[in-house]
Amino acid sequence: MDIFLNLANELDPEGRYLFLNAIANQLRYPNNHTHYFSCVLLYLFSETQLEVVQEQITRVLLERLIVNRPHPWGLLITFIELIKNPRYTFWSHSFTRCAPEIERLFESVARSCMGRDPKQPAVGEPPLQQANPQPSREVGRG
């Protein structure tokens, strides 16, 4: 994973965008390959110290989610994990709140993916502050 993190941190913005798109292209149907690249994107999001990298990861996923359905399974699972798991503190990043239109777009896409308000826990789920901080192991078992 170090090579992925190094590339994400050291590439110029255009190179990083192409790199992240290449990873997102691997988020397809449920199998080990999709699971691996989903974990790579989530790892990059959580481990990078650069908010610009986190913003580009979000952009790459969001660009694919705002187009017409159907969306690849791996793309949906990765985005849902990113916004739902408190480990990633997705909603606390400034780029999710930079403008009211952007915030509404994120919430709309999240609602579309999850079928409910993304900032609220599902029935039977603990509140986000108390949820398990480890990434889910259920992504992409195949």
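Here the residue numbering is sequential within each chain, running from 1 through the sequence in written order. The predicted origin of the model limits local features to residues at a pLDDT of at least 70 and limits the giving and counting of side-chain atom pairs to 80 or more, whereas totals for whole chains, interfaces and linings rest on all residues. The basis for the side-chain values is all heavy atoms of the structure; hydrogens and waters are excluded.

Next up on the list: the overall build of the protein. Strands here mean DSSP runs of E at least two residues long; helices mean DSSP runs of H or I at least four residues long; both are numbered from the N terminus. Counting secondary structure elements, the protein contains 6 helices and 0 strands. Element order for the protein, N to C, with α for helix and β for strand: α-α-α-α-α-α. Put simply, the protein has 142 residues, and 39% of those count as buried. When contacts within the protein are restricted to residue pairs at least 6 apart in sequence, long-range pairs at least 24 apart make up 64% of them. The accessible surface values rely on the Shrake-Rupley method and a 1.4 Å probe; as for residues, cover is taken only from the protein chains in view. Split by element, the accessible area of the protein, about 7,900 Å² in all, is 54% carbon and sulfur. Only protein chains enter the accessibility calculation, which uses a 1.4 Å probe; a residue is then buried when its area is under 20% of its type maximum, exposed when over 50%, and partly exposed in between. Contacts were defined at the residue level, with two residues in contact if any of their heavy atoms lie within 4.5 Å.

Let us now look at helix α4 (residues 51–65). Working rule for helices: expected span equals 1.5 Å times residues minus one. Between its first and last C-alpha, α4 extends 21 Å over 15 residues, near the 21 Å set by a 1.5 Å rise per residue. Taken together, the buried positions of α4 are Val53, Gln54, Gln56, Ile57, Thr58, Val60, Leu61, Leu62 and Leu65.

What follows concerns the pattern of salt bridges. What makes a salt bridge here is a side-chain nitrogen of Lys or Arg within 4 Å of a carboxyl oxygen of Asp or Glu, nothing more. Summed over the entire model, instances satisfying the criterion amount to 2 salt bridges. In this structure, the salt-bridge partner of Glu47 is Arg87, at a minimum N-O distance of 3.6 Å. Residue Glu47 is found in helix α3 (residues 32–47), and its partner Arg87 is found in the loop between α5 (73–84) and α6 (100–114); the two are separated by 40 residues along the sequence. You can call Glu47 partly exposed: its relative accessible area is 31%. Judged by its relative accessible area of 32%, Arg87 falls in the partly exposed class. Between Glu63 and Arg59 there is a salt bridge, with its nearest N and O atoms 2.8 Å apart. Taken as a pair, Glu63 and Arg59 lie in helix α4 at a separation of 4 residues, close to a single helical turn.

Before going further, it helps to spend a moment on the nonpolar core. Residues belong to a common nonpolar core when they are buried Ala, Val, Leu, Ile, Met, Phe, Trp, Tyr or Cys residues joined through side-chain atoms within 4.5 Å. Ranked by internal contacts, the top residues of the largest apolar core, which has 31 residues, are Ile23, Leu44, Ile57, Leu61, Phe79 and Phe90. For this core, the elements supplying multiple residues, two or more each, are α1 (2–10), α2 (13–24), α3, α4, α5 and α6. Ignoring anything within four residues of it in the chain, the contact list for Phe90 reads Phe45, Thr58, Leu82, Ile83, Phe95, Thr96 and Phe106.

Attention now goes to the packing of α2 against α4. Note on geometry: axes are C-alpha line fits, over the in-contact stretch for helices, and angles between N-to-C directions span 0 to 180 degrees. One way to put it is that α2 packs onto α4 with a least axis distance of 10 Å and a crossing angle of 50°. In terms of orientation, α2 lies oblique with respect to α4. In the crossing of α2 with α4, the sense of the turn from one axis to the other is right-handed. Where α2 approaches α4, its residues Pro13, Arg16, Tyr17, Leu20, Asn21 and Ala24 are matched on the opposing element by Val52, Val53, Gln56, Ile57, Arg59, Val60, Glu63 and Arg64. Charged residues are taken to be Asp, Glu, Lys and Arg, nonpolar residues to be Ala, Val, Leu, Ile, Met, Phe, Trp, Tyr, Cys and Pro, and polar residues to be all remaining types, Gly included. Across the contact of α2 with α4, the residue classes tally to 8 nonpolar, 2 polar and 4 charged. Angle categories are assigned with fixed cut-offs, so that under 35 degrees is roughly parallel, over 145 is roughly antiparallel, 65 to 115 is roughly perpendicular, and the rest are oblique. Helix crossings are classified by the rotation of the near helix relative to the far one: an anticlockwise turn of less than a right angle makes the crossing left-handed, while a clockwise turn makes it right-handed.

Here we come to the environment of Pro72. Residue placement: Pro72 occurs in the loop between α4 and α5. Residues Pro72 and Pro30 lie 42 residues apart in sequence; the distance between their C-alpha atoms is 9.3 Å. Residue contacts for Pro72: discarding those within four places in its chain leaves Leu27 and Arg28.

The next subject is the packing of aromatic side chains. Between two aromatic rings, the relevant description is the distance of the centres plus the angle of the planes. Geometry of aromatic contacts follows a simple scheme: Phe, Tyr and Trp rings, the Trp one being its six-membered ring, pair when their centres are within 6.5 Å, and the pair is stacked under 30 degrees between planes, edge-to-face over 60, tilted otherwise. With the rule as written, the count across this model stands at 8 aromatic pairs. Taken together through their ring pairs, the aromatic side chains of Phe45, Phe79, Tyr88, Phe90, Trp91 and Phe95 make up a single cluster.

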